[in-house]
Amino acid sequence: MQAADLNAPSSSLRLFPFGMAIGALAEVAIKLFVSGYILAVVVYVNATGNWDKDDDLVATFDVSAVLGQTARLPCDIEPSTREDRVYMVLWFRDDAVKPIYSFDVRGRAFNKALNWSDSTVLGPRAYFVTVTKPAALSLEAVQLDDEGIYRCRVDFKNSPTKNFQVNLTVIVPPHQLLIYNSSGVEVESTAGPFQVGVEFELSCEVRGGKPTPVVSWLVNEKEVDSRLDDIGRHIVVSKLRIPQLRREHRNTTYKCRAANTDLIPALEKTILLDVYLKPLSVKILSKPTILETEKDYSIACETTGSHPRARITWMEGNAVYHNGKVLDGGNASVVLSTLIFSPIPDDHGKILKCRGENPALPDAYLEDFFQLNVVFPPKVQLHLGSTLNADKIKEGDDVYFECKVRANPEHHKITWRHNDAVLTQNYSAGIIMSTQSLVLQKIGRNNAGNYTCLASNDRGETTSPAVTLRVQFAPVCKAKDVTVIGVSLEESVKVRCEVDADPNEVEFLWELNNSGENFEVAPAKFDGNNGTMSELVYTPVSERNYGALTCWGRNVIGKQEAPCIYQIIPAVKPNPLNNCTIKASLNQSSEILEVECVPGYDGGLRQEFRLEAYEVHTGNLRVNASSISADVPLFRIAVADLLPATHFYLVTYAVNAKGRSESSLLEDIMLRDSEKHTDSGVSMVPLILLLIGCLMAFGVTVLSVMLMMYRRRGTTSPVHIEPYMKQPIITPPDSRNNSMLDVTHGDHTYFVEYTLKQVTDYALNNQPDIIQSPQDQEKIKREPQLFLPVRPDTLFAPYDIHKQGIQTNRCSLNPFSAKSWEPISFKADRNLMKEIIIANSIPGPESCV
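The numbers attached to residues start from 1 for each chain and follow its sequence in the written order. A pLDDT threshold of at least 70 governs which residues receive local features in this predicted model, and a stricter bar of 80 or more applies before side-chain atom pairs are shown or counted, although totals over entire chains, interfaces and linings include all residues. Note that the side-chain values use all heavy atoms of the structure and ignore hydrogens as well as water.

Student: Break down the overall build of the protein for me, with residues and values.
Tutor: In terms of regular secondary structure, the protein is built from seven helices and 56 strands. Any residue under 20% of the maximum accessible area for its type is buried, any over 50% is exposed, and the rest in between are partly exposed; the area is computed with a 1.4 Å probe on protein chains only. Across the 849 residues in the protein, those meeting the buried criterion constitute 42%. The long-range fraction of contacts in the protein, counting pairs at least 24 apart against all pairs at least 6 apart in sequence, stands at 65%. We get accessible surface area from the Shrake-Rupley algorithm with a probe of 1.4 Å; when it comes to residues, only the shown protein chains can shield them. For the protein, the accessible surface area stands at approximately 46,200 Å², while carbon and sulfur atoms represent 52% of it. Comment: elements are numbered from the N terminus, with helices defined as DSSP H or I runs of at least four residues and strands as E runs of at least two. In what follows, a contact means two residues having at least one pair of non-hydrogen atoms within 4.5 Å.

Student: Requested: an account of the pairing of strand 51 (residues 647-656), with residues and values cited.
Tutor: For a regular strand, side-chain orientation follows a simple rule: the groups alternate between the two sheet faces. Most of strand 51 is tucked away: eight of the ten residues are buried. The criterion for strand pairing is that DSSP finds at least two bridges linking the strands in question. Examined bridge by bridge, strand 48 (residues 608-615) and strand 51 share eight bridges and lie antiparallel to one another. Counted as the bridge partner of phenylalanine 609 is alanine 654 from strand 51. Pairing analysis gives five bridges linking strand 51 to strand 53 (residues 664-670), with the strands arranged antiparallel. The residue bridging leucine 650 from the neighbouring strand is leucine 666, located in strand 53. Examined bridge by bridge, strand 51 and strand 52 (residues 659-660) share two bridges and lie antiparallel to one another. Across the sheet, residue valine 655 finds its bridge partner in strand 52, namely arginine 660. Taken together, strand 51 and the strand that follows it, strand 52, pair antiparallel across an intervening segment of two residues.

Student: For the environment of threonine 252, give the residues involved together with the corresponding values.
Tutor: Residue position: threonine 252 is located in the loop between strand 16 (235-242) and strand 17 (253-259). Taking relative accessible area as the criterion, threonine 252 reaches 5% and is therefore assigned buried. If near-sequence neighbours (up to four positions away) are discounted, threonine 252 is found in contact with Val219, Asn220, Ile271, Leu272 and Leu273.

Student: Describe in detail a nonpolar patch on the surface, supporting the description with residues and values.
Tutor: The patch calculation keeps residues exceeding 30% relative accessible area without a salt bridge and links them within 9 Å when they carry like charges or within 5 Å when they are nonpolar (Val, Leu, Ile, Met, Phe, Trp, Tyr). Salt bridge, as used here: a side-chain nitrogen of Lys or Arg that lies within 4 Å of a carboxyl oxygen of Asp or Glu. Residues Phe698, Val702 and Met706 make up a contiguous nonpolar surface patch of about 290 Å² in total accessible area. The topology assignment puts methionine 706 in helix 5 (residues 685-713).

Student: Which residues make up the sheet that holds strand 14 (residues 222-224), and what are the values?
Tutor: Within the open sheet, the five strands sit side by side as 11-18-17-13-14. Their pairing is mixed. The open sheet has two edge strands with one neighbour each: strand 11 (190-195) and strand 14. On average, each strand axis in the sheet is tilted by 30° relative to the strand beside it, whichever way the strands run. Strand direction decides the pairing type here: strand 13 (residues 214-219) and strand 14, joined by three bridges, are antiparallel. Bridge pairing in strand 14 links valine 219 to lysine 222. As a rule, the C-alpha atoms of each element are fitted with a line to give its axis, helices using only the stretch in contact, and angles between N-to-C directions run from 0 to 180 degrees.

Student: Let's hear about the packing of aromatic side chains: which residues, and what values?
Tutor: Any aromatic ring pair is given by two values, namely how distant the centres are and how the planes are angled relative to each other. Aromatic pairs are defined between Phe, Tyr and Trp rings, using the six-membered ring for Trp, whenever the two ring centres lie within 6.5 Å; interplanar angles under 30 degrees are classed as stacked, those over 60 as edge-to-face, and all others as tilted. This structure, assessed with the given rule, holds nine aromatic pairs. Judged by centre distance (5.8 Å) and plane angle (85°), the rings of tyrosine 321 and phenylalanine 341 are edge-to-face. On the criterion of sequence distance, the pair formed by tyrosine 321 in the loop between strand 23 (319-320) and strand 24 (325-330) and phenylalanine 341 in strand 25 (residues 334-341) is long-range, its members being 20 residues apart. Given the relative accessible area of 7%, tyrosine 321 is considered buried. Its relative accessible area of 1% is what places phenylalanine 341 among the buried residues. An aromatic cluster of three or more residues is present, and its members are Phe103, Phe110 and Phe128. Cation placement over rings: the criterion is NZ of Lys or CZ of Arg within 6 Å of the ring centroid and within 35° of the ring normal. Positioned over the ring face of phenylalanine 473 is arginine 445, at 5.6 Å from the centre of the ring. For arginine 660, the ring lying beneath its charged end belongs to tyrosine 653, and the centroid distance is 3.4 Å.

Student: Give me the state of the cysteines: which residues, what numbers.
Tutor: Disulfide: a pair of cysteine sulfur atoms within 2.5 Å of each other. Tallied over the entire structure, the rule returns seven disulfides. Bridging cysteine 204 to cysteine 256, the disulfide has an S-S length of 1.7 Å. On the S-S bond that ties cysteine 204 to cysteine 256, the torsion sits near -85°, and the link is left-handed. With cysteine 204 in strand 12 (residues 200-207) and cysteine 256 in strand 17, this pair connects stretches of sequence that are 52 residues apart. Shown here is the disulfide that connects cysteine 477 with cysteine 564, its sulfur atoms set 1.8 Å apart. As the torsion about the S-S bond is roughly -120°, the cysteine 477-cysteine 564 disulfide counts as left-handed. Separated by 87 residues along the polypeptide, cysteine 477 in strand 37 (residues 473-477) and cysteine 564 in strand 45 (residues 564-570) bring together distant segments of the chain. As far as burial versus exposure is concerned, cysteine 477 and cysteine 564 are alike and both buried.

Student: Can you lay out the environment of glutamate 615 for me, pointing to particular residues and giving the numbers?
Tutor: Mapped onto the fold, glutamate 615 is located in strand 48. Among the residues examined, glutamate 615 registers a relative accessible area of 15% and is labelled buried. Between the C-alpha atoms of glutamate 615 and threonine 646, which are 31 residues apart in sequence, the distance is 8.1 Å. Excluding anything up to four places from it in sequence, glutamate 615 contacts Asn620, Arg622, Ala645, His647, Phe648 and Tyr649. In protein, a polar contact means a hydrogen-donor-capable atom and an acceptor-capable atom, both N or O and within 3.5 Å, with residues adjacent in sequence counting only if both atoms are side-chain atoms; elsewhere, any N or O pair within 3.5 Å suffices. Within the local environment of glutamate 615, its side chain forms a polar contact with the side chain of arginine 622, the two groups lying 2.5 Å apart.

Student: Tell me what's going on with the nonpolar core, and back it up with residues and numbers.
Tutor: Only buried Ala, Val, Leu, Ile, Met, Phe, Trp, Tyr and Cys residues count toward a nonpolar core, and they belong to the same one when joined by side-chain atoms within 4.5 Å. Counting 29 residues, the largest nonpolar core has Cys75, Val89, Trp91, Phe128, Tyr150 and Val154 as the members making the most contacts within it. Mapped by element, the contributors of at least two residues to this core are strand 1 (59-66), strand 2 (71-75), strand 3 (86-93), strand 4 (101-104), strand 6 (126-129), strand 7 (135-139), strand 8 (148-156) and strand 9 (162-171).

This is the structure in C-alpha cells:
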C-alpha cells in the first residue's frame, strides 16, 4: 500500500491538464511533488530495510571509463519469472542513502518509465539504458569526480529485490609524447642523417596519464626491448639504443607507444631513420686500349649504393677533367655518367679517373681508372740551347739546338732544316747531329736564319715552329765586286758605301789608296735611318786623287776585314759603237729593220745608245731612235717610217755625262721600190738580206785568215791589238810581294811589270796600287745618277804622251813596245782601253800598265 501511495503524486501530476492556465500555482505544485517523491522513496527504502549496509550484495562490477568519454555502469533488471516485472531501479553513490538516479515503472508502461537524476551529482549526463543486456546507467563526459562505488537496486513486482555494486575507475590517458635524439634535439619525423658505424640512441618522453602509461618501442612494427630510464611526476622516459649503425638501418621506422587503457588507442609517434651511405661500387664500363686524336669517344661510368644520390666526377690525376661533355643518367640507387670527348696529344699517358662520391660525406668516394693511350703525329718544339744567350751569339761561336718531340708511337726520324734547306751531318763544316740535338761549330753569318726540325712517326710528320738564329758579325760589304766610278777633275760625286752588319750601328772610315799610299778622307755623312750606310761626297782635285777609295766599317763586334772598294777613274766621253749589222724582220703590221752594234768603252760612266737615219739626197733626219736595251746597242726601225725614201744612211753613237762619242756611219742603205715591187711581184728585201749575209760571210772568212796568220807568227812578232780579240783575262798577284801581273790575250800570255812602294802599315792596307776592273763587263757596278753639276770636261793628255811616259820610265811592255799603238775601237778591247786611261791618269814611276 505504501508503494501504491507513492504513485499517487505521479498520477495526479499527469492528470493536471490545467497547469498551464495557472502558471505560478503549477510551478509551486511541481516542486512540492518532487520533494514529496523523494521523501516517499526514502520512506520506502527505510520501510523495507533492503538498503541496510549490512545486507549482502548480489554482484560487483569493475568498470573503467576514460576521462571525458562515456561510462556504462551495468545493472541486471531482468526478473526471475516472465510474469514478474520491474517496478523501480535506484542508483546510489558510495554509502549515501539518498539515490542519485531513479528509473520508475510503477503504474505505467515500461517504455514510459520515469527517469530522474540528481542535478547536483550526475545531472543530465546520466541516462538509464534498458535496451542492452544487462541494462546500464550511461554516464557521459566522465569526470575525475565520477570515480567511485555505485550501487544499483532493482525492485520487482513479485520477485525479491536485486542489488549490484559497480566500481567505476576514471582513466586519464597520457596527453603528450616526445622523441629526442642523443643530442637532446626533438625529432619530428626523421632521425638523422647519421653515418654508418656511429652509435644511435632515441629517447621517448611520455607526459600525463592515470594510471601510469606503459611505454614501448616498435622497430618496423615489431616490439623490441627498451630501457625505462626515468619516471617522474606524471612523466615517463624510455630509451632505445643501437650501438653501431649499419647500411640496413637506413629507412628503418622507430615507433614509441604509450598506453594505460584499451578503451582508446595508445598514444604513439613514429620516426624514420636516415643514414648516409658511401657508394658500394664504381666501374668504368668501357676502357679503350687505343685512342686517336680528332675522334670522338663515349666512355660510361656506373656507381651504386650511395645515399644520397652519388655524384660522378671525371678526373685527370687529382684535377677535374674539362676536355669533354658529361651526360648524367640513372636513378637514385644506380647513377650513370657518360663522358664524350675527343682526346688531344696532351692526354697521352694521363690517368683518367671516374670518381663516385657521396656529396654529403667527406672522403666518401670510390674510383675506377685507366691510362689513356692516345696515338698522334709528333708534336715538335725547337729551342736554342738552354746555356746560350740568343742576343749574344757572334761569328766564331758554337751553338746548339734541342728538338723536343712528343709522339705516340715514338718518332723514328728527325730532319733539320735551315731556311727550308735540309741539313746533313758534315763534321768538316761543323754540322753535328745527335739524337735530338743539332750542333753548329764556329758559325758564320751565313748560319743565321730560321731553323726547324721535322719529326716523323707512323701517324705522320710535323715541323716545329721556326727558331731564328741571330749571328752578330763585324761589317762586310754588300757589293762583292769592285765598283768603278768615273769622275772628272773638280767634279763631285756621291759614293755610297753599304755594309751588312749586326748590330747595325756602324762607324765608317774612308781612305784613298793611290800608288801604295793611303790618305784618310774627311768624315762621311751617314744616313740617319740606317746605320749600315755611309755617303761620301768625293771631288778629285788633282790626278793624284784617282785610285782605290776604300770604306771601312766598325761595330761592337769589330772592324770589317776587307773594305768596300770603289775604283775612282777619270771619266771621258764614250767610245764609238762598232761592228754594226742590219737585219730585217717581219712584225705583225709592218717590216722592221734591226740594227745591232757592239758597245765601246763607256768612259767610266753610264752610257746610252742612239741611232739617227738620214735621207742621202736631202740630208733630212727621218728617224731618231734609242736602243731598246740599256746594255746592248739594239735599235728597231719600222720601214714605214723611212718610206718613201729608199736611199739613206745611219749614224750611231753613244752618250754619257761627259758627252757624245764619235759617230759610226752605215752608208748606202737601199730600200725596195714599192711600186716596182707591186708590178713585178718580186720583193727586193730578201735580195738585200742575201747580199748582206754574203758580205758578212766574206768578212768572217777574212778575219779567220788574219787570225791564223797572227797565231803562226807567235810571240816573236810585234803585237797588233786586233779589234775582234777576246777580252784580256787579268790575274792579280797573290800578295804584295809579287811584282808581276800575267795577262792572257788570245793564245798568248804577256807580263806587265810594276814597282811597289813600301808602306809601314801594310797589314791594314793590303790593296794593290791599281785595282783592276772586273773581267766581266756585266759585273761592273756604277753609281747611277750620282753626279753633281761639274765644270766643263778637262781632257787628259793624248795617248801618245802616255806612250812617251812609259818609254821615259823605261817600263818594259814587251811585245807592245815593238809596234806603234793603234786606236782601240772594238768591244773586246774596251777594258784594255780603261786600263790605259787609268795608267795615263795616275802619275809617277810607281806603276806602269
